[in-house]
Amino acid sequence: MSDTPQHFIADIIADDLANQKHASVLTRFPPEPNGYLHIGHAKSICLNFGVAEQFGGRTNLRFDDTNPEKEDQEYIDAIREDVRWLGFEPVSECYASDYFDQLYAWAQDLIARDLAYVDELGAEQMRQYRGTLTEPGKPSPWRDRAAEESLVLFEEMKQGQHAEGSYIVRAKIDMAHPNINMRDPALYRIRRAHHARTGNTWNIYPTYDFAHGQSDALESITHSLCTLEFEDHRPLYEWFLAQLPVPSQPRQIEFSRLQLENTLTSKRKLLSLVTEGHVSGWDDPRMPTIRGLRRRGYTPESLRDFCQRIGVTKKANTIEMSLLETCLRSDLENRARRGFAVQDPLKVTITNWPAGEVLDIDAPWHQRVPELGSRTLRFDGTLYIDRADFEEIPPPKYFRLKPEGSVRLKYGFIVDFESMVKDADGHITELKVTYDPTTRSGQDESGRKVKGTIQWAPSDAVASDLRLYDRLFTETNPKGEDLAAELNPDSLSIKHGLVEPALAAVPVGEIVQFERVAYFRKDENSAEKPVFNRAVTLKDGWAKVQKKG
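The present account deals with the structure reproduced in this document. Remember, it's a predicted structure, so these values are computed and weren't measured experimentally.

The rules we used
Residues numbered from 1 in each chain as written. Predicted model: local features only at pLDDT ≥ 70, side-chain atom pairs only at ≥ 80, totals over all residues. Heavy atoms only, no water. Pairing = 2+ DSSP bridges. Helix = DSSP H or I, 4+ residues; strand = E, 2+ residues; numbered from the N terminus. Axes fitted to C-alpha atoms, helices over the stretch in contact; angles between N-to-C directions. Contact = heavy atoms within 4.5 Å. Phe/Tyr/Trp six-rings, centres within 6.5 Å; stacked < 30°, edge-to-face > 60°. Buried < 20%, exposed > 50% of the residue type's maximum accessible area, 1.4 Å probe, protein only. Lys NZ or Arg CZ within 6 Å of the ring centre and 35° of its normal. Salt bridge = Lys/Arg side-chain N within 4 Å of Asp/Glu carboxyl O. 1 Å grid on protein atoms, 1.4 Å probe; cavity = no way out; pocket = protein on both sides within 12 Å on 5 of 7 lines; lining within 4 Å. Points joined across faces, edges and corners; volume = space filled by probe spheres on them. Nonpolar A, V, L, I, M, F, W, Y, C, P; charged D, E, K, R; others polar.

Points about the sheet that holds strand 3 (residues 92-95)
So, step 1. With parallel pairing, three strands are arranged side by side in an open sheet as 1-2-3. At either end of the open sheet lies a strand with only one pairing partner, and these are strand 1 (26-29) and strand 3. Taking the axes of each pair of neighbouring strands and ignoring which way they run, one obtains an average angle of 30° across the sheet.
So, step 2. Pairing of strand 1 with strand 2 (residues 58-63), which is carried by four bridges, proceeds in the parallel orientation. Residue pairing in the sheet places phenylalanine 29 in a bridge with leucine 61 of strand 2.
So, step 3. Contacts between helix 3 (residues 73-85) and the sheet are confined to strand 1, strand 2 and strand 3, with strand 2 contributing the most and set at about 160° to the helix.

Section: the packing of aromatic side chains
So, step 1. Per the counting criterion, the structure on display carries 24 aromatic pairs.
So, step 2. Here tyrosine 208 and phenylalanine 230 contribute two aromatic rings whose centre-to-centre distance is 5.3 Å and whose plane-to-plane angle is 40°, an arrangement assigned as tilted. Placement of tyrosine 208 in helix 7 (residues 208-218) and of phenylalanine 230 in the loop between strand 8 (223-227) and helix 8 (234-243) is noted, with a sequence separation of 22 residues between them.
So, step 3. Measuring from ring centre to ring centre gives 5.2 Å for phenylalanine 514 and phenylalanine 532, while their planes differ by 70°; the resulting arrangement is edge-to-face. With phenylalanine 514 in strand 25 (residues 511-514) and phenylalanine 532 in strand 27 (residues 531-537), the pair connects residues that are 18 residues apart, well separated along the chain.
So, step 4. Judged by relative accessible area, phenylalanine 514 falls into the buried class, the value being 0%.
So, step 5. Three or more aromatic residues link up through ring pairs in this structure, and these residues are Phe100, Tyr104, Phe154, Tyr188, Trp202, Tyr205, Phe210, Trp239 and Phe240.
So, step 6. One Lys or Arg, lysine 138, reaches over the ring of tyrosine 129 and ends 4.7 Å from the middle of that ring.
So, step 7. The ring of phenylalanine 340 has arginine 375 lying over it, and the distance from NZ or CZ to the ring centre is 5.3 Å.

Section: the sheet that holds strand 14 (residues 345-350)
So, step 1. Pairing is mixed across the open sheet formed by seven strands, whose spatial order is 21-18-19-20-14-17-22. Only two strands of the sheet have a single neighbouring strand rather than two, namely strand 21 (453-454) and strand 22 (457-458).
So, step 2. The pairing of strand 19 (residues 414-422) with strand 20 (residues 428-435) spans seven bridges and is antiparallel. Paired with lysine 422 across the bridge in strand 20 is isoleucine 428.

Notes on the side chain of asparagine 60
So, step 1. By secondary structure assignment, the location of asparagine 60 is in strand 2.
So, step 2. For asparagine 60, a relative accessible area of 4% corresponds to the buried category.

Overview of the pattern of salt bridges
So, step 1. Per the counting criterion, the structure on display carries 50 salt bridges.
So, step 2. Residue arginine 295 is joined to aspartate 283 by a salt bridge in which the shortest nitrogen-to-oxygen separation is 3.4 Å. A residue pair is termed long-range when its members are at least 10 positions apart, and arginine 295 in helix 10 (residues 290-296) and aspartate 283 in the loop between helix 9 (267-275) and helix 10 qualify at 12 residues.
So, step 3. Take arginine 295: its relative accessible area is 12%, and that puts it in the buried class.
So, step 4. Classification of aspartate 283 as partly exposed rests on a relative accessible area of 33%.
So, step 5. One salt bridge in this structure joins glutamate 301 and arginine 335, with 3.2 Å as the shortest N-O distance. Taken together, the positions of glutamate 301 in helix 11 (residues 300-310) and arginine 335 in the loop between helix 12 (321-332) and strand 12 (337-339) put the pair 34 residues apart, joining distant regions of the chain.
So, step 6. Put simply, Arg28, Arg62, Asp216 and Glu219 are held in one network by salt bridges that share partners.

Describing empty space enclosed by the protein
Empty space left among the atoms is revealed by rolling a probe the size of a water molecule over them.
So, step 1. Tallying each qualifying case throughout the model produces five cavities of 30 Å³ or more.
So, step 2. Computed from the structure, the largest cavity encloses a volume of approximately 190 Å³.
So, step 3. Taken together, 19 residues line the largest cavity, and the ones lying closest to its centre are Thr263, Arg286, Leu293, Arg296 and Met321.
So, step 4. For the lining of the largest cavity, the per-class residue count stands at 12 nonpolar, two polar and five charged.
So, step 5. By volume, the second largest cavity amounts to about 60 Å³.
So, step 6. Forming the boundary of the second largest cavity are Tyr208, Asp209, His212, Gly213, Phe230, His233, Leu236, Tyr237 and Gln252.
So, step 7. Elements represented by at least two residues in the lining of the second largest cavity include exactly helix 7 and helix 8.
So, step 8. With four residues, helix 7 is the single largest residue contributor to the lining of the second largest cavity.

Structure follows, in structure tokens:
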């Protein structure tokens, strides 16, 4: 990844430094710990950490833990791990709850200066009073409540003397403001919920709008980078900073969020996928979560490369899934080991192989990367090829094995078709071939030429489950309103294949290429037998499927 990405945010920061508005750069990544991070968060992580690093600055990891009913330590731990897995190290780990005392004191200050008040409108009443985009709101009956009374009520709210929904603290700004977010927004609400860090200490919690900018200021964040949905919140962000004695003045800048084809990133809809059983969990390899992408076989390097390639803009656009897949192929091309596997095994017997003879073939893990070393393949009178590599009635220009045809077994010999064995239903169960002993790879002096070379599995190959993952949704831009109707029924198929022993023995988590097939990652559930998850095909097969459709 380039050390000097160019985009409008980098230009703003460069200008701020040149004008000595800031002596250094401090950004933050501020997730709410109410779920697992997804590919959209990866873009924000790469931007916040990347742009700070570009200018010699630093980045905080701050958990926006102001909504205790939905937050959990499980998510905090997962977020922390995912950020570091992506390759970034925060300078500090912070929490909005670190500032609860200060935020409470600042809310008291706003009330004392008649810039906030305790309201008694319920949620539905507040919506009615707020007005619309074309009609102004109207003031709450409690808007002119005396500051002294509001301060007493606010303290009682803190002490737990009032029920949820009975009172709420609102800023006093302008109920006719053209930006609805400025129409007396909520600052504090009563929540009787256990907090992951503060326990039952607090009975009231600040809203995101009140906590976010002040947390930035308390941490001396210089540039607060947010996605475009927060653009309408920026006037409120700046209003709080202007009214309160904050120690610094961060600047909020918005950028377009990541929209990826055939993908949903709404936490609510992702949760529905899990709870309704459409996927096996948050780390299902079809999920766009960082956990799911990691388990599927995506690497930190490929995700960082992807985030750089898509760039940073103000304009919303949808990114093709094929670009993400290209980034993974590029990363794995010269560092993933390559071996033999067959997804649908078909037995092959070499009828002229000397009885009892075993040949050990030394085969490189990667023909262009010798430093990856080699492994040994057993070659004897029995082997397996993929059923797709034989056609009884081949189409034109079919260069694999066929009646009266020949093919080279990679790293082995040329074999010539002899006959086939079928069961009572007419299904082919075995092929019989002869081999040409003068055609051994690397020692071939026969002069024979064949157009097809195929992979194979030796007689001691290991039975393995090969999970073939594809896009979770058929629609380019799924809405997520009817998940079952939009899901791709072929997003997962399982093949009971064979892999060469050296491949079966790779560590869990290693990504390898099954030659002529795809890249696969060895899954954690490999205790009983190896399980491999297809990370990405060697070519973009989805485009062909769409054209046929």
